[in-house]
Amino acid sequence: MDIEELHYVMSEDGTSLVESTKRLAKFKSWFRDAVDASVEWRKEAKEDYDFYNGRQWKAEDRKSLEDHKRPALTVNRIKPLMNVLSGYQRLNRYDIDFKPRTNDDMRQAQLRKGITKYILDESNYNYEESNTFFDGAVCGLGWFEVGYKFNWETMDGDAFVRSQSPLNIYVDPESRDRYYRDAKYIVRARWMDKEELTAQYPEHKDEIEAQAAYYLSEEAEDRSDNRLWWQKESQKIRIAECWYKQSVTKKVVILRTGEVVAEVTPDMLAMQMVANVQEYPSTEVRLMTFFDNVVLEDIESPYKHGELPFVPFTCYYQGDDDIPAGIVRDLKD
């Protein structure tokens, strides 16, 4: 397969290939904008983690001391303090509860509480919550992923809540809300081996092989955005999972009884039960998974709640043009 053939993707009905150049260019531009907008925060965040881990000397200062035969000692006062804070969080957890509004809601409240507790127990939520809290306390921002994992062996699955590395998450730079509720899209980007990627998307093996071969060619040496998608040393490919919102128009059917249903059935028409069909604006979530010129999937979100599946935990962040900060940021000399 030639590199120029990678600008096509299977149509939604699965019957033909359609040109995706313009559409793919939009998502690549979104990702690049999110990367550029978070450069300052990522630089600070990595330094925050370094200070916690005791890597507090700048390379040039350490070299200067070594040249003068002097030790570069580090008295790490940040790590013990953050460990105490992390321990305090672990010892003072809150349980999620559901309270009935009326006596008629008692059974529903107990059922929801039981289901929620089961999901959190199966997700090892206490561990995941502490990880996310610690990320937020150190660098200012932690993330949860809330989703559903299907098990093909049992033909069943479970909802889950798990912590995500904040350095893998890229948010719409136009978002101004401190909890990113107004974000149009969130991208999770991660590095994968070519073999791992091919095993996950076997139907795109030829495209993946062609793009990887291009990265290794002389033609790709001077391409400026290769660093976004390719690690030359480890030969890993970076995929971007872009969860995004789009406006749609939906319909509801109002029956003569006053009941509202999603669609009309033949029986309803035969019995002349339909009183009105009303259109209304709504938002749906979709997922575009891609890297560089290869579209791996472009599907509706498997979740019907209409929300992005990533939930932030922020420490110090005011939204607008502020950047997230944790407790370590103020402890650095």
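Placed above this text is the structure.
Everything numeric in this text was worked out from a predicted model, so none of it was measured.

1. Digging into the overall build of the protein
Part 1 of the reasoning: When you go through the protein residue by residue, the secondary structure sums to 11 helices and 12 strands.
Part 2 of the reasoning: Along the three orthogonal principal directions, the C-alpha set of the protein runs to about 95 × 60 × 45 Å.
Part 3 of the reasoning: Considering the protein as a whole, with its 333 residues, one finds that 39% of them fall into the buried category.
Part 4 of the reasoning: For the protein, restricting intrachain contacts to residue pairs at least 6 apart in sequence, the fraction spanning at least 24 positions comes to 64%.
Part 5 of the reasoning: A gap of 5 Å separates the mean positions of the 47 positive and 63 negative side-chain charges of the protein.

2. Comments concerning a nonpolar patch on the surface
Part 1 of the reasoning: Residues Tyr148, Phe150, Trp152 and Met155 make up a contiguous nonpolar surface patch of about 510 Å² in total accessible area.
Part 2 of the reasoning: With respect to the helices, strands and loops of the structure, tyrosine 148 is situated in strand 3 (residues 141–151).

3. Things to note about the environment of alanine 240
Part 1 of the reasoning: Looking at the secondary structure, you find alanine 240 in strand 8 (residues 236–255).
Part 2 of the reasoning: Each C-alpha atom, one on alanine 240 and one on threonine 289, is 5.7 Å from the other, the two residues being 49 residues apart in sequence.
Part 3 of the reasoning: Excluding residues within four positions of it along the chain, alanine 240 makes contact with Val187, Arg188, Ala189, Trp229, Met288, Thr289 and Phe290.

4. Some thoughts on the pairing of strand 3
Part 1 of the reasoning: Note that strand 3 and strand 12 (residues 310–314) share five bridges and pair antiparallel. Directly across from phenylalanine 144, in strand 12, lies its bridge partner valine 311.
Part 2 of the reasoning: As paired elements, strand 3 and strand 4 (residues 156–164) share nine bridges and run antiparallel to each other. Within the sheet, the bridge partner assigned to lysine 149 lies in strand 4 and is aspartate 158.

5. Describing the pattern of salt bridges
Part 1 of the reasoning: In this structure the tally under the stated criterion is 21 salt bridges.
Part 2 of the reasoning: Between lysine 332 and glutamate 44 there is a salt bridge, and its shortest N-O distance comes to 3.3 Å. Of this pair, lysine 332 sits in the segment after helix 11 (327–331) while glutamate 44 is found in helix 2 (residues 39–52), placing the two residues 288 residues apart along the sequence.
Part 3 of the reasoning: Residue classification places glutamate 44 among the partly exposed residues on the basis of a relative accessible area of 26%.
Part 4 of the reasoning: Its salt-bridge partner being aspartate 48, residue arginine 329 comes within 2.8 Å of it at the nearest N-O pair.

6. As for the sheet that holds strand 3
Part 1 of the reasoning: Read across the sheet, three strands follow the order 4-3-12 without closing on themselves; strand pairing throughout is antiparallel. The two strands at the open ends of the sheet, each matched to only one other strand, are strand 4 and strand 12. Ignoring which end each strand starts from, the neighbouring axes of this sheet average 20° apart.
Part 2 of the reasoning: In the packing of helix 6 (residues 125–139) onto the sheet, contacts are made with strand 3, strand 4 and strand 12, and the angle to strand 3 comes to roughly 150°.

7. Examining the packing of aromatic side chains
Part 1 of the reasoning: Following the criterion strictly, the structure yields 16 aromatic pairs and no others.
Part 2 of the reasoning: Geometrically, the ring pair formed by tyrosine 214 and tyrosine 215 is tilted, given 6.3 Å between the ring centres and 55° between the ring planes. With respect to class, tyrosine 214 is no different from tyrosine 215; both count as buried.
Part 3 of the reasoning: Aromatic pair tryptophan 243 and tyrosine 303: ring centres 6.1 Å apart, planes at 15°, arrangement stacked. Taken together, the residues span a long stretch of sequence, with tryptophan 243 in strand 8 and tyrosine 303 in the loop between strand 11 (294–300) and strand 12 at a distance of 60 residues.
Part 4 of the reasoning: Taken together, the ring pairs in this structure connect Phe27, Trp30, Phe31, Tyr170, Tyr185, Trp229, Tyr244 and Phe290 into an aromatic cluster.
Part 5 of the reasoning: Above the plane of the ring of phenylalanine 160 lies arginine 162, whose end atom (NZ or CZ) is 4.0 Å from the centre.
Part 6 of the reasoning: Over the ring of phenylalanine 51 we find lysine 332, and its NZ or CZ is 5.7 Å from the ring centre.

Conventions adopted
Residues numbered from 1 in each chain as written. Predicted model: local features only at pLDDT ≥ 70, side-chain atom pairs only at ≥ 80, totals over all residues. Heavy atoms only, no water. Helix = DSSP H or I, 4+ residues; strand = E, 2+ residues; numbered from the N terminus. Buried < 20%, exposed > 50% of the residue type's maximum accessible area, 1.4 Å probe, protein only. Contact = heavy atoms within 4.5 Å. Lys, Arg positive; Asp, Glu negative; His and termini not counted. Charge placed at Lys NZ, Arg CZ, Asp CG, Glu CD. Patch = residues over 30% accessible without salt bridge, like charges linked within 9 Å, V, L, I, M, F, W, Y side chains within 5 Å. Areas by Shrake-Rupley, 256 points an atom, 1.4 Å probe, with all protein chains shown as cover. Salt bridge = Lys/Arg side-chain N within 4 Å of Asp/Glu carboxyl O. Pairing = 2+ DSSP bridges. Axes fitted to C-alpha atoms, helices over the stretch in contact; angles between N-to-C directions. Phe/Tyr/Trp six-rings, centres within 6.5 Å; stacked < 30°, edge-to-face > 60°. Lys NZ or Arg CZ within 6 Å of the ring centre and 35° of its normal.

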